[in-house]
Every structure is written in structure tokens, then in C-alpha cells.
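Structure assessment
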Number of protein chains: 4
Amino acid sequence: MHMNVKIEPVNRTDRDNLQSRFSAVREYTLDLAKPLSEEDCCAQSMPDASPIKWHMAHTTWFFETFILERFEPDFSPFHPQFRMLFNSYYNGVGDKHARPQRGLLTRPSFAEVMVYRSDIDMRMLKLISKHAADTELASLIELGLQHEQQHQELMFTDVKHLLSMNPLKPTYKEPPLHQCAQAEPMDWIAIDAGIVEIGHTGSSFCFDNETPRHRQFVEKFSLSSRLVTNGEYLAFVEADGYRNPAFWLSEGWDWVQANQLKQPLYLQQSSDGRWQEFTLNGMQNLDMHQAAIHLSYFEADAYARWAGARLPTEAEWECAAGLSGMAQLFGTAWQWTSSSYGPYPGYAPAKGALGEYNGKFMVNQYVLRGSSSATPTGHSRATYRNFFPATARWQFSGIRLAK
Amino acid sequence: MHMNVKIEPVNRTDRDNLQSRFSAVREYTLDLAKPLSEEDCCAQSMPDASPIKWHMAHTTWFFETFILERFEPDFSPFHPQFRMLFNSYYNGVGDKHARPQRGLLTRPSFAEVMVYRSDIDMRMLKLISKHAADTELASLIELGLQHEQQHQELMFTDVKHLLSMNPLKPTYKEPPLHQCAQAEPMDWIAIDAGIVEIGHTGSSFCFDNETPRHRQFVEKFSLSSRLVTNGEYLAFVEADGYRNPAFWLSEGWDWVQANQLKQPLYLQQSSDGRWQEFTLNGMQNLDMHQAAIHLSYFEADAYARWAGARLPTEAEWECAAGLSGMAQLFGTAWQWTSSSYGPYPGYAPAKGALGEYNGKFMVNQYVLRGSSSATPTGHSRATYRNFFPATARWQFSGIRLAK
Amino acid sequence: MHMNVKIEPVNRTDRDNLQSRFSAVREYTLDLAKPLSEEDCCAQSMPDASPIKWHMAHTTWFFETFILERFEPDFSPFHPQFRMLFNSYYNGVGDKHARPQRGLLTRPSFAEVMVYRSDIDMRMLKLISKHAADTELASLIELGLQHEQQHQELMFTDVKHLLSMNPLKPTYKEPPLHQCAQAEPMDWIAIDAGIVEIGHTGSSFCFDNETPRHRQFVEKFSLSSRLVTNGEYLAFVEADGYRNPAFWLSEGWDWVQANQLKQPLYLQQSSDGRWQEFTLNGMQNLDMHQAAIHLSYFEADAYARWAGARLPTEAEWECAAGLSGMAQLFGTAWQWTSSSYGPYPGYAPAKGALGEYNGKFMVNQYVLRGSSSATPTGHSRATYRNFFPATARWQFSGIRLAK
Amino acid sequence: MHMNVKIEPVNRTDRDNLQSRFSAVREYTLDLAKPLSEEDCCAQSMPDASPIKWHMAHTTWFFETFILERFEPDFSPFHPQFRMLFNSYYNGVGDKHARPQRGLLTRPSFAEVMVYRSDIDMRMLKLISKHAADTELASLIELGLQHEQQHQELMFTDVKHLLSMNPLKPTYKEPPLHQCAQAEPMDWIAIDAGIVEIGHTGSSFCFDNETPRHRQFVEKFSLSSRLVTNGEYLAFVEADGYRNPAFWLSEGWDWVQANQLKQPLYLQQSSDGRWQEFTLNGMQNLDMHQAAIHLSYFEADAYARWAGARLPTEAEWECAAGLSGMAQLFGTAWQWTSSSYGPYPGYAPAKGALGEYNGKFMVNQYVLRGSSSATPTGHSRATYRNFFPATARWQFSGIRLAK
């Protein structure tokens, strides 16, 4: 198969399964937008983030452009300019709208984007009902759904950033009942040196950047059993961590000084010394036992150095990911690794525009492993390679230590 | 009187007149927003422009902050943070929200801003009904209404810029039936040298920057009877006007090159050489007989030099404004003058925060005279001093020549 | 005559006078460079400033390009690329070397530039000996000498800025014996309203921007008899002048904040509160009775507002310049006026590249009058119009107040 | 030993050897400056580059600060401010002069820097004569000499960049007789999969970033026997390589567009299609058989993708470096690897300020292996890790391909 997806949809051969999975993922996107107004969905708080409406249109564009355009017999575009308007970064598809201007797209309206979604959904479901046995189609659909799930997490991070820029500090939704729990003690899980295999294998879905599975030699190391807590991170802050260059990479220190950073994003200290954080439920008292999040690679690396440890490589993380005693691997916070994002040995991107999905970003970014509280259910696995530049702070990203 | 308004409301002493004028101006603002969605009203296309919703809230804030706060016996703010959120530039009022981030204010919602407007309107009407005889109050109300009218024109310019940034080129409203008319021949009206008086006089409203009326000596000069047309301006474009530094001020030439400008804002030439313009009614064929608009000072000055003429001073413009034969003085396009925006001899801004209305902007800006098609009815007069930086193009600004 | 110089060299008709004046001005430029090393002469401390070596070559280029090229029978350029390399801003002459890269011209060497100067000097003296009676040639030579005198002042300001950037705080030359003198009390000289004539007249040299002489109406005003002293200006600094937006133009306040300014350029306060200034003789204790210098327009304007006064217009300055009681008109510090730099009524620049000398800079700059301690002897007059942007601080510029 | 150098100076224990090596390295620096004027040595062409004079002072500062200050019994600094003035990036040493302003240091003069060099040289030689048996001192001296050799290569790259910015295209020195030679055919050397050891071992000098030697698993691969030639690279240029995003990393493509790049640095094509390059001997016809140099990581990576190959990892490069048939490993051009610059497993920087030598730069840079024609004799080895950001073009950096 020449696609960058490895699925052989053995367990989903029947039409109904695929239709129902398609519908479930697509509906969850709508659920995420429900607490928001049309104005909330239109604004863009920084070039790195996108408006919610744009996410909703772009994930739809993905199905239209990469599936309907190819498989629909008498394909006709929903709107002739949407191909350009909602192209994120695929040069192979043609022109694209400038990323920093996504927030100016007050037209098409939110309502029109809903019509767009419905139209593409109906056509996709019809396509599935006719061609469910086509494994290449099924692979592409699965890719489109995984793609949408990636954007679902981005919708959380982007709306959180947008609301945080508003002096009114609005809430996305009401907070759940809060259960205060002590953090577990931090243990160190040791692993011996040896050749390990990393990368995805088997017939379930993965992105092309997780392949091919290959061998690496890993020296003896230990990983912390859980993530660094807010309380632990604040000890670094309060020990003048943001004022001492000795803890920082040189480029990280320049970044701290240029932005006059004194603490993690979304945290603020009131005049009486109490720490609060901006959350999707508005400003809240900071729970010192929860994992520290919204940290950049530079902050994670500086903390590790201060704590006499280091960040793990992605091979270390992956080979330790199945060991008993390892807590908070998934569902709490993405975990920075010291591995620069690059191709696995033998990696080859797909032909055509879809080959731009991952490969062209393999420079000057760092790999994060695990998943976060914002990651959709079923979207996590031990071989997953998330990646962001060393300065990115608006993701749900935290720290697991290595020695 | 210590205010920067000169009204003595002789002809409006009665309550009803003031209430009805107040309501009419306030309602016209709502009319302007009617063709727009909530998303349209929230977005900000550049730091110089503001969202429509922000204009609607800020003009309301003006009445609340400068009138209700002072005259309402048991004043209580509509919302404690609006004082900061909708303060444009008055340091004397306290903190203000950063201008480039106005487009991120998805909250308060459009609906909440409508409630804000209604609440302040009701309280203002009540205040008028009780204190209509208070001339200082009446003066302040008139200032607030004139201020709102200035923002009404900005709503046109800002929404035009926003819509122009959208590749879908949306229309603000349907175009009127178009009447094609030949431009009149351009005549030159000559005025002899002598001492003239310029500046506002009498009891009708004016802004403080139009005072005091004072004498200037003006040498002999001539003004063109009408504004430069699209056809005339395009002759300059097509004579390589944007490629020859000889026509431009040095700083203007740097600006042309840094922005790679080749023609006025909103104009584009199709491959067959036909010129079109983006308008509030979408893309339209360019009418060569209409006045050229959306020109910066640098463009106006370069055109004048190319045409063997110059821009008028504001004293020349004002003393010629009443002469017979002068067409298009008001209601077509603002007219750049060569006069840097500065204080008239003896000018003194008001005490307190309202003194920031005009005075602190008197540097590195150029005066425009007349009014445009976007200026509200009744808001024009011969002594009016509009002002913008030499690079501003998104206003309805054109060229009257002098010799 | 079509040139932008008004000289009729009645008193200099003979060859000897012109040759000796030419030699004197050219030699003074060499005198200025004497205390400097070749390295000092090569460096450029900011894009606004130029290297000393560049000044020495450019002033020579002026004679070669505008005089020898035209009057020498078999003209051949000294070096084919110097025409481009030392062209400051004359688009009519052709390409020019990018201004911010002047400091990278380590070649031609200082020694080669000296050879260039000698060669052009010899050819100029020969030309004078043959054609001294040619009044147009004499006018152009006078323009070249006045041009060189302007650069002589810039050599002081630019070398002062360069040396000030060096943590070693080097001295340009040894300080003279210092005579401490009390500042005179500040008087106010009053002038009645009326029509005045300003601008240059007569047969002596002037720049084209000083013409034509014309009438202006000036309202009644008063000017301060002397310039503001360091002591007076520091009272403003110590009254939190740089922390209170009420004193500043809006754009000036943005500039203060963006650059985190707290005091004038070249001043610093030691921990014990004592003020020092960087001078061409190194760091010196600040003399509170001397005129405050190195002030921008924004600083001058803010001080005047704080002091309950204002800056004079250039018409006010010029018509008061001859009155008895007016001290420090020339030779102390240039004096900011509130007049934007623009053309006098009827002003027409010369034809050809020399027309770029003044006219194309007539926007977004402010006029300074008088002259400074760095101005060459004989280069001052009451009609002289110096001009700089409102942020310029590295000139010897101070404050005369008006009311 | 707690230092980040691994030397055990068994073969140099005697004083004479160390003194003569010290003198030889220090003198070679002077040789490099000989063809340059004092002006050439003072200028800085971009923030990434440094003036020659600064290199000469900084390498001297290194001996003074890290050796004399510690070992000289009654140490007294040569000049109290040089510690700050010539500190490159060691936060542990204290303040440092801003890097982009190194070109403004016209003082100390070139002559004074020569005195500084002589003084420190004398004191160093005296120290060596007394303490040659001290292995820690010998290690530090060796580090200082290796450090100076790194700067010797930078002197070539920086002076080349400076001279290239001059429209006169000056020569650093006369060109040697040119021997035209055909490039050898490109072979592919294959290596089997397996565990390899990389990193430095033994008692000879290395930098701390080459340690500890450790195991890596390397999959089967092939390396090209020689570097890519100018002729081969121009085939990519002429196949629209700089106009097609398909060959580029996403960030590389943004860089190409933002800088409007069309070809490698220092190359230019004349109107008749002939290619020339700027060299230290001035403009020269491009030799198509020579290795292509002055390529950024982005260009090297794009070329490899276009050629159907890829860049090697540093482990691949190092384990193939000893194989027969591998040409141009050293002395031609540094060779980009796809390896992000990071710490080897178990790497620990030295304590104190010298620990900043390498470790803090381990982010967002890529490793280059081999050495170039500008690398001093004796400064190359197979384990050497050079590193630069992906945009750096002014180094002598080329391409070895992998498959």
C-alpha cells in the first residue's frame, strides 16, 4: 500500500462500524463548540492558534479534498474557493489562505460552515455505504478521523488561549466537582542497556512518522514514575529559576529575557503570594498536587537541570511506556522528550500532497510523548509522536524526568 | 466655560429636541451594523482599525464615563471592567485595553453590548429629561454625539477594510442603481493674497482644535474646482508613477518600496487591463469619472507633483471653501492638505481627560478638509480638521489641487 | 538663475578669494579627523549616523559629481564605483550604496580616501583658477562648501555617538579649561501681532529651502531670552517627567515607553544621585548652568508643556532673532520649533538631481533654528532651517520657550 | 579529572614542546590578519560574525580569564574592562558586551590589542616554564589553543563575509595557481546494520561534547564517496530547485521565500549565464568540479531530497569515516548531518563557567562533521562535532549524501 496509513480494517469491514465511527468523531467536534458563541468561534488569538470555526471547516475540507475529490464519481466542490480558504499547509493542493489572517474570515459564517459540514458528512456516509470494502478508502477515512481528533485537542488549546487574552477571564464551561488528591511519591523506574525496538507495528492505525519500526541501542537509564507537579515546579520558580541563566539552554535564556518571563503561562501570583491559574473554567486556585502543564521545552529542560535530572529521549520513553509503576503516561499531559523531531531510519512520506502531513516539519521541533487530558478517547498510543517548537507553551505539556 | 466645546444650545433648549437628537444619532449607529453578522462585528483587520462591536461599546462608554459618572447622583458602572475595556486612549481615565487586541474581545458578546447601549441610553434620556437646561451637560452630550458620528464614519472604513481582506470579497449591502455621469471639467479658482481669518466662530458646535479663530497671511493661489478623478489618477499610475522616485517625498518613496505598492488600495487590474475596485457592494468596475479615493498623503502629494501642482494648505482650503464654483467640498472625499496637524495660535486643550481628545495627536499627522460620502449628515463644516498619518489609505480620502 | 543657490559672488570675484575659501573649508574637515584613528573613522554606530571616512569621501563626491563632471573638459571619474558608493540619497545620480552598510566599507581605505580628496582638491583648484568668473560655477562651489560645513557638524554628532557606545568611554580630545558661569535669569521678550517677512533675501548664500521670502501673520507672543539649562531640565526629570503621559504627545509617549527612556541621551546618574554626561572629552560632571542639549522634539515639547509654555514657531523665532536681549541664538544649541518642515509658499526645488537636496525631505520632520557649538564658523544665519525627525536626539539640540 | 578536556599530555610533558605549540598556534592567528588593514579588522558585517580584532582579543581573553586568573600567583588583569568587553557568552564570568555591537569597538585599537596579546603571551610562556608538569594546567592550555583554532576558521568565514558585502569585491590575498581537476565519479560505500561505538576515546584532546563514547544501533546504509560538486548543485538550482516547495522542509521553504533566495551565498550568474563566486581572492569563475560550499542545512537537505537521497546521521558519518574509498572527509568542506545537536548519553558539562563552552547550545542546531579548507592543520578528527543553525550559510559547509 502506498498510503501513509497502515490500517488493514479487518475488524471494521462492515459498513455500519465505519459509518458509526465516522459519525461519532464528527459529532464530538460539534460538542466541543457548543459552549461557545459564534464570535468566540471566529477569533484568532495568535498566529499559532486557529479559530474554532476554521478547525471545523478545515477538518471537513480534509475529507472533501483527499477523499470525495478522488472517490466521488461526479465530484463537484461545495464551494469553489474553500479549497484555498481551508488549506492549512499542503502546497501540493495549491494556494492557501495566509495563516495569521484566519481570524478575519467572518465569512463564510458559522452557520455556513455548519452547512458545509453537513453536506460533506452526507456525501461521506453515502460513499461509505457504497464502498466500505475498499481498504484504501477505509484507510483514508481513518486518517481523516485521526486528523480530526488531532484538531479536537487543538480546539481546547486554542480556545483556552483566546479566552485567557480577555481581561474578563471568561469560562468555557462550569468546573466539575473538584477532587483534591495527594500526588503519589516520585519513584524512579530503572531500565537496563540494550537494543530496543521502537515504532509502530501491527495492523492498527498509526501516522507515517511512527514507522518503520526499528532498532535502537539504549544505555541504562531511569524514568520518574509520575509527572512533575505544580508544587514541585513552583519550587523551581521560587528558587529564582527564571532569573538564573545557569539552568537554561542559551537560546532558552534569550527567550526568557526577550519575553520577560517569570513563570509558566496561565499562572499568576496574587499580592498575598497565592498562585492561581487560568483554566477552561476561569481562574482557579492552583492545585499543587496536579501535574504542571503548559510548559515549553525550554522550561521543561531548565527544570530538569535544576532538579539534577534530564528529559528522556523518545526511545527511552517508548520502551519504558509499558512498565508497571509508570503512572500518568496518558491522559494527563504530553511529556517533552529531548529528541529532535526527525525521520525514523527508512522513513518515506506518502506520494502526493498527503506526503506533506508530517515529513516536512522534521526540523527544529521536539517530540512529546503520551497524551493529555484534552486528547480524545482512543487517540493515544505508546508510539505516538507529537511535536512542537521549543517555545510552545499553549499545549497541555508537562515533564517526566530521566536520569 | 472650561470645556472644549463651544455650544450654547439656544436653539435646543427644550428637552425634546435634545432627546430626539440623541436618539437619532444613537440609532444610526445601529443601522450601520444591521447588514453585518455578529462575527463581522467582532473581527479586527489591522491595529489601525477597530471591530464594529468595539465602536458600539466605546461610543457608549464615552457617555457613561464623561457624563453619567459626573452627573448621575448615585452613579454605578454598568460593568466594573468596561471602563478599562472600552477606553480608547485616555490616560487620564486610567488603564486601557491594548488596541491591537480589540478583535479578541469575543466577550462581552454582541448581545451584551446591545444591552449596554440600551442601559446607557435609558439613563442618558432620563438625565436629559431632568437637566436639559444645564448648558454644560448639553455641551458634553453634543460632544458625545459628535464623537459618535466620527466613529460612524470609521465603522464604514473599518468594515470595508475587513471585508476586503476576505478572498470571498463579501458585500456589505446591495449596490444602488448606478448613475454614470461625466466629470465636470477642472477649473482653477483664483484667490488674492491677504490676511484671512480661519477657525471656528459662533455658537454652533465645533471641536477644540478648530479654535481659536485667528489671522493668517495667505499668498495668492488657485484651487481646482473639483477633486481628481479615477481616470486622472490612473494616468499617473500608468505613466509609471509608482516606479519613479522623482515624484515622491523621500519617506513616501521608502514606503512605496517597502510595501511594493503599485496602485491605490482596493484597486486591481485584471489581465485584460480593466480596472476594478473593492467597494462596500463587492467588486465593481471602476468609474473613471468618480473622484479617486483611498489615497494616502504620500500618494496625493506625488500625484500633485506629477500633475505640476501641489496640495493646498488648510488656510487656503478654508478661505476658498465658500467661493462659488468650488464643487465636491463636502460629501465626496476628504481632501489632504499640506498642513501638518498642529495647534492654532492660542489653542488650549480642556482640563482633565477630555483634554486628550485632540491635542496630544498634534505631531506627524496631516490635516484633511471637507467630508466624505461616509460622513454622517450634519457632521460637516468648513472649519473641520480631520487628520491622519501620511501613510493612511483606508479612509475615504482624495485630492484637490492647488497652484 | 535656475540653481537652488542665490549667490552673486560680488565680493569674491577674484580667483584667490575663492581658492582660499575652498582650501580653508576642505582643510577644516581634515582637522576634525585628526584626533581619530583609522578604525574610529570607519565605524558606523547606527543607521542615522555615518562613518567619518564616509563623510570625507561623500563631501568630495559632491564636488566631483556636481561640478567636475559638468565643468571639466575631459572629465574622467577618480574611481568608476565611487559614484555609487558615496551617493547619499540622490536618485537622479543613479544607484547608491545602502545607508546602514556604510560602516562595512573598510575599502577604500582611509588612505585611499585621502588620495581621493587630494585629487579632487587639485582638480577643483585648477578649475577655479581658470573659470573663477563663471558665476554659476562659483555658486555651485559655494553650495559644495556649505554642504561640507553641514557634514562637519554631523562629524561631531556622529563621532560623539560612536564613542558613547563604547564602554571604555573614550575621549575625542582633551577638555579645555572649564569656566563655570552662572546662567543668566530667564526673561521674556514680547513681540506684537502683525505681518512679518521671513525667508532669505539679498545676495549672500542660502539654501533653497530658505526661499522665497514671504509674508506671515504672527499673533502676539513672547520668547525666552535664553535656552533652558541642564538644571531646569533635570527639575522636569526629577518631577517624574518621563513617567507621566500628561506632558507628552501621544506618539512621544509611545516612544518613551518603547525605548524605556528615563532621561536625555548621554546623561547618567550615579548611585549617589550625581549627574554626569558623556562628552567629546569623556565623562564629565554635568554643569547645571549650561544649556540642556541632545534633546528630541518630543522631549523639548514635553518640557515646554510641563513648564507652562510651548515651543516657538519658526516665524516667531525668525522675527525675534534680531531683538536685543535675545541670548544664545547661535553657537550654543539648535532650537526646536513647533513648525513641521515644509515648503515656503512659492518654493520650487532646482531642476535635476540637486533638486533632491532639500525638497524631498519636507514631511514628518521639525524645523530647528539657530546653530550649535558644533556648527562651523560662518555657517549660521537667522533664516537657516535645520530639520530632524521628532525622535532625533544625537544632534546638539535644545529648547527655547515661547508663550 | 573534572575538566571538559581529556588530554593526558604524555607526549608533551616537557616544557619546550608546550611552549613551542603555544607559540605556533598564537602566531598563526597573526598570520591570518596580515593581509588585512586595521579598518578591515574592526568591522562587523552581521551579528553572527565578529571583527577580526575581536577574535584576536577574545582568544587572548580566554587564556587570561580561564588560566592566568587561576594560576598566576599575583594575578592582575591587563585592563579592568577587558573581562567584560571580550567575554563572548560565559554568563558564569559576569557581564558581556552585546554581540551585535562588537564592530563599534574602535577602542581598544588594533595596536592595543596587539599589546594585549603580547602581554598575555609572555605571561603564559612564563607560566608554562614554571608549571609544565601540571597536567590540569596543560589541559586548560590545550583547550585554549583548540579554542583559538576554532576562531581561526571563523576568521576566514567572517572576513569573507565582510569583504563580500563591499561592492568593490576586494581580495583577501592573491589567488594561487589554479589546478583544474575533474571530480571523481560518485560511488556509494555500503555499511551493514549493527551496534557501533561513537565518540572520542583515548588520551588525545577532544571537546567535552564528543564524550562519552557510547553505543548506537545503526541500520544498513550507504554513504557517497565524495561531496556534491558545484556542477551537481547547480543542476538542482537550474531545475527550479529554489522555486519548488516539494523539495524543502516547511521551515526551510519559509526561509527561502522570506529571503527571496535563488542560489547559494556568494554565487552569482552573469547575464550570459556564466556562474561566478566570490572568494577570498575576489570574484572567480566557478569551478564545476569543486565541492559545493556555503550551503545551509536547509539547502543541503533540499538538494538531497531532489537527488533521491538524504543526509547522513552523525553516527553513520562517524562509523564510515575510516573506510577506504571515502574521499573528502577532511579539509574540503564541513558536511551537514541530519542529527540535531544534543548531548551524548551520560554527557556532563564541566563545572563552572567553562561548562558553558558547549552544553548550553544543544538545541535547534545541526551537527556538521569532517573539516574544511579553512580548518587549521591538526584540528580535525573523526569524532569532532561542529554545529550551526539550519540557516547558517557563511561557513565552508557542503553535502555528503546517504541512502
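The numbers attached to residues start from 1 for each chain and follow its sequence in the written order. Chain letters and ligand numbers both follow the written order, the letters beginning at A and the numbers at 1. Only residues with pLDDT of at least 70 get local features here, since the model is predicted, and only at 80 or more are side-chain atom pairs given and counted; chain-wide, interface and lining totals rely on the full set of residues. For side-chain calculations, the full set of non-hydrogen atoms in the structure is used, while hydrogens and water are omitted.

Some words on the overall build of chain A
Each helix is a run of DSSP H or I of at least 4 residues and each strand a run of E of at least 2, with the numbering of both proceeding from the N terminus. Helix and strand counts for chain A come out as 10 helices and 11 strands. For 403 residues, the compact-globule estimate of 2.2 N^0.38 gives 22 Å, and chain A sits close to it at 22 Å. Referenced to the eigenvectors of the C-alpha coordinate spread, the extents of chain A come out at roughly 65 × 55 × 40 Å. Only protein chains enter the accessibility calculation, which uses a 1.4 Å probe; a residue is then buried when its area is under 20% of its type maximum, exposed when over 50%, and partly exposed in between. Expressed as a percentage of its 403 residues, the buried residues of chain A come to 59%. When contacts within chain A are restricted to residue pairs at least 6 apart in sequence, those whose partners lie at least 24 apart make up 79%. The sign given to each residue is positive for Lys and Arg and negative for Asp and Glu; His and the chain ends receive no count. Here the site of a charge means atom NZ of a Lys, CZ of an Arg, CG of an Asp or CD of a Glu. Side chains of chain A carry 37 positive and 45 negative charges; the gap between the two charge centres is 2 Å. For the radius of gyration, the atoms used are the C-alpha atoms, and the globule rule reads 2.2 Å times the number of residues raised to 0.38. In this analysis, two residues are considered to be in contact whenever any of their non-hydrogen atoms come within 4.5 Å of each other.

Observations regarding the interface of chain B and chain A
Contacts between the two partners involve 32 residues from chain B and, on the opposite side, 32 residues from chain A. Here chain B meets chain A over a buried area of about 2500 Å², counting both sides, of which 55% is carbon and sulfur. In this description, buried area is defined as the sum, over both parts, of the accessible area (probe of 1.4 Å) that is lost when the two are combined. A per-residue breakdown of the area chain B buries against chain A is headed by Glu39, Leu104 and Arg107 of chain B, which together make up 32% of the total. We define a salt bridge as a side-chain nitrogen of Lys or Arg found within 4 Å of a carboxyl oxygen belonging to Asp or Glu. There are 4 salt bridges connecting chain B and chain A. Between Glu39 of chain B and Lys53 of chain A there is a salt bridge, with the nearest N and O atoms lying 2.4 Å from each other. Residue assignment for the side of chain B that touches chain A shows that the elements contributing at least two residues are helix H2 (38–42), helix H4 (82–85) and helix H6 (135–164) of chain B.

Considering the relation of the copies chain B and chain A
The atoms used to superpose the copies are C-alpha atoms, taken from residues with pLDDT of at least 70 in both, and the fit is least squares. Of the two same-sequence chains, chain B is brought onto chain A (RMSD 0.0 Å, axial shift 0.0 Å) by a rotation of 180 degrees. The transformation relating the two chain copies, once decomposed into turn and shift, fits a two-fold axis. Relative to the rotation axis, the C-alpha of Glu39 of chain B is the closest in chain B, positioned 2.5 Å from it.

Considerations on the sheet that holds strand E6 (residues 275–279) of chain C
Residue and element names in this part refer to chain C. Strands are labelled as partners when DSSP assigns at least two bridges between them. With antiparallel pairing, 3 strands are arranged side by side in an open sheet as E5-E6-E7. The sheet is open, and its two edges are formed by strand E5 (267–269) and strand E7 (282–285), each paired on a single side. Each neighbouring strand pair of the sheet contributes to a mean axis angle of 30 degrees, computed without reference to strand direction. The pairing of E6 with E7 spans 4 bridges and is classified as antiparallel. Counted as the bridge partner of Gln276 is Asn285 from E7. An axis is simply a line fitted to the C-alpha atoms; with a helix, the fit covers only the stretch in contact. Between two such axes, the angle follows the N-to-C directions and lies from 0 to 180 degrees.

A few points about helix H1 (residues 15–33) of chain D
The α-helix winds at 3.6 residues per turn, so residues separated by three or four positions along the chain end up facing the same way. Spanning 19 residues, H1 of chain D covers 28 Å between terminal C-alpha atoms, matching the ideal 27 Å at 1.5 Å per step. Turning to H1 of chain D, the residues buried within the fold contact helix H3 (52–71), helix H5 (110–131) and helix H6 (135–164) of chain D. The span you would expect from a helix comes to 1.5 Å times its residue count less one.

Observations concerning the interface of chain D and chain C
Contact residues are listed per partner, giving 32 residues for chain D and 32 residues for chain C. With both chains or domains summed, chain D and chain C bury close to 2500 Å², and 55% of this area falls on carbon and sulfur atoms. Broken down residue by residue, the surface that chain D buries against chain C is led by Glu39, Leu104 and Arg107 of chain D, which jointly contribute 32%. Linking chain D with chain C are 4 salt bridges, by the criterion used here. In protein, a polar contact requires one atom able to donate a hydrogen and another able to accept it; more generally it is a pair of N or O atoms within 3.5 Å, and residues adjacent in sequence count only if both atoms are side-chain atoms. At the junction of chain D with chain C, the criterion picks out 12 residue pairs in polar contact (both at pLDDT 80 or more). Looking at the side of chain D that touches chain C, the elements that each hand over two or more residues are helix H2 (38–42), helix H4 (82–85) and H6 of chain D. Polarity classes work like this: nonpolar for Ala, Val, Leu, Ile, Met, Phe, Trp, Tyr, Cys and Pro, charged for Asp, Glu, Lys and Arg, and polar for all others, with Gly in that last group. Each residue belonging to the side of chain D that touches chain C can be placed in one class, and the counts come to 16 nonpolar, 11 polar and 5 charged.

With respect to H5 of chain D
For H5 of chain D, built from 22 residues, the straight-helix expectation of 32 Å at 1.5 Å per residue is met to within 8% by its first-to-last C-alpha distance of 31 Å. Of all the residues in H5 of chain D, the buried ones are Phe110, Val113, Tyr116, Arg117, Ile120, Asp121, Arg123, Met124, Leu125, Leu127 and Ile128 of chain D.

Considering the packing of aromatic side chains
What counts as a ring pair is set by centres within 6.5 Å for rings of Phe, Tyr and Trp (its six-membered ring), and what kind of pair is set by the plane angle: stacked under 30 degrees, edge-to-face over 60, tilted for all other angles. Per the counting criterion, the structure on display carries 147 aromatic pairs over all chains. Relative to Tyr90 of chain A, the ring of Tyr89 of chain A lies with its centre 4.6 Å away and its plane at 25 degrees, an arrangement referred to as stacked. Judged by its relative accessible area of 22%, Tyr89 of chain A falls in the partly exposed class. Residue class for Tyr90 of chain A comes out buried when judged on its relative accessible area of 0%. Ring geometry for Phe78 of chain C and Tyr116 of chain C: centres 4.9 Å apart, planes at 35 degrees, overall tilted.

Concerning the state of the cysteines
Should the sulfur atoms of two cysteines be covalently bonded, the bond is a disulfide. The rule for a disulfide is simple: a pair of cysteine sulfur atoms within 2.5 Å. Under the criterion given, the structure shown has 0 disulfides over all chains. For Cys206 of chain A, which is in no disulfide, the shortest distance to another cysteine sulfur is to Cys319 of chain A and amounts to 19 Å.

Some remarks on the sheet that holds strand E10 (residues 386–388) of chain A
Residue and element names in this part refer to chain A. One open sheet holds the 4 strands; their spatial order is E10-E9-E8-E11, and the pairing between them is mixed. The sheet is open, and its two borders are formed by E10 and strand E11 (397–398), each paired with just one other strand. Here strand E9 (residues 366–369) pairs with E10 via 3 bridges, running antiparallel. Paired with Leu368 across the bridge in E10 is Asn386.

Re the arrangement of the chains
Taking C-alpha atoms as the reference, chain A and chain C come no closer than 14 Å and do not contact one another. Without any contact between them, chain B and chain D keep their closest C-alpha atoms 14 Å apart.

Focus: the relation of the copies chain D and chain C
In the superposition of chain D on chain C (RMSD 0.0 Å, axial shift 0.0 Å), the rotation amounts to 180 degrees. Same-surface contact between copies: 100% of interface residues of chain D are shared with the interface of chain C.

Thoughts on the packing of helix H1 (residues 15–33) of chain A against helix H3 (residues 52–71) of chain A
Residues and elements named next belong to chain A. Their axes nearest at 10 Å, the elements H1 and H3 cross at an angle of 165 degrees. With respect to H3, the axis of H1 lies roughly antiparallel. You can see that H1 and H3 cross each other, and the crossing is left-handed. Between H1 and H3, the contacting residues are Phe22, Arg26, Thr29, Leu30 and Ala33 on the first element and Ile52, Met56, Thr59, Thr60 and Phe63 on the second. The class makeup of the residues in the contact of H1 with H3 is 6 nonpolar, 3 polar and 1 charged. In what follows, roughly perpendicular refers to angles from 65 to 115 degrees, roughly parallel to angles under 35, roughly antiparallel to angles over 145, and oblique to any angle outside these ranges. Handedness of a crossing is defined here by the sense of rotation of the near helix relative to the far one, left-handed for an anticlockwise turn of less than a right angle and right-handed for a clockwise turn.

A word on the packing of helix H3 (residues 52–71) of chain C against helix H6 (residues 135–164) of chain C
All names here are of chain C. In the contact formed by H3 and H6, the axes pass within 9 Å of each other and the chain directions differ by 170 degrees. For the element pair H3 / H6, the angle class is roughly antiparallel. Among the residues making up the contact of H3 with H6, the classes are represented as 16 nonpolar, 6 polar and 4 charged.

A word on unusual backbone geometry
Omega for the bond connecting Arg107 of chain C with Pro108 of chain C falls within 30 degrees of zero, at -5 degrees, which places this linkage in the cis form. By the element assignment, Pro108 of chain C lies in the loop between helix H4 (82–85) and helix H5 (110–131). One non-glycine residue, Lys169 of chain A, lies in the positive phi region at around 50 degrees. On the secondary structure map, Lys169 of chain A appears in the loop between helix H6 (135–164) and strand E1 (188–191).

Some thoughts on the pairing of strand E6 (residues 275–279) of chain A
All names here are of chain A. Taken across its 5 residues, E6 has 5 buried, putting it largely inside the fold. Here E6 shows no split at all, with Trp275, Glu277 and Thr279 on one side and Gln276 and Phe278 on the other all buried. Remark: 5 residues form the turn of the hairpin made by strand E5 (residues 267–269) and E6, two consecutive strands paired antiparallel; Gly273 in that turn has positive phi of roughly 90 degrees.

Some details on the pattern of salt bridges
All names here are of chain C. Under the criterion given, the structure shown has 100 salt bridges over all chains. A salt bridge links Arg213 to Glu197, with the nearest nitrogen and oxygen atoms 3.0 Å apart. One end of the pair, Arg213, is in the loop between strand E2 (194–198) and strand E3 (214–218); the other, Glu197, is in strand E2, and 16 residues separate them in sequence. In this structure Arg213 comes out as partly exposed when scored by relative accessible area, which is 36%.

Some remarks on the environment of Gln365 of chain D
All names here are of chain D. Here Gln365 shows up in the loop between strand E8 (334–340) and strand E9 (366–369). Given a relative accessible area of 12%, Gln365 falls into the buried group. Setting aside residues no more than four positions away along its own chain, Gln365 makes contact with Ser339, Ser340, Tyr341, Phe387, Phe388 and Pro389.

So, the confidence of the model for chain A
Think of pLDDT as the predictor's per-residue confidence, scored from 0 to 100. Counting all residues, the mean pLDDT for chain A is 94, and 96% of those residues have values of 70 or more. With pLDDT under 50 throughout, residues 1–10 of chain A is counted as low confidence; its partners more than four residues away or in other chains account for 31 contacts.

Notes on the side chain of Lys360 of chain B
Assignment of secondary structure puts Lys360 of chain B in the loop between strand E8 (334–340) and strand E9 (366–369). A relative accessible area of 11% means that Lys360 of chain B is categorised as buried. Those residues within four positions of Lys360 of chain B in sequence are excluded, and the remaining contacts are Tyr89 and Asn91 of chain B together with Trp248, Leu249 and Ser250 of chain C.

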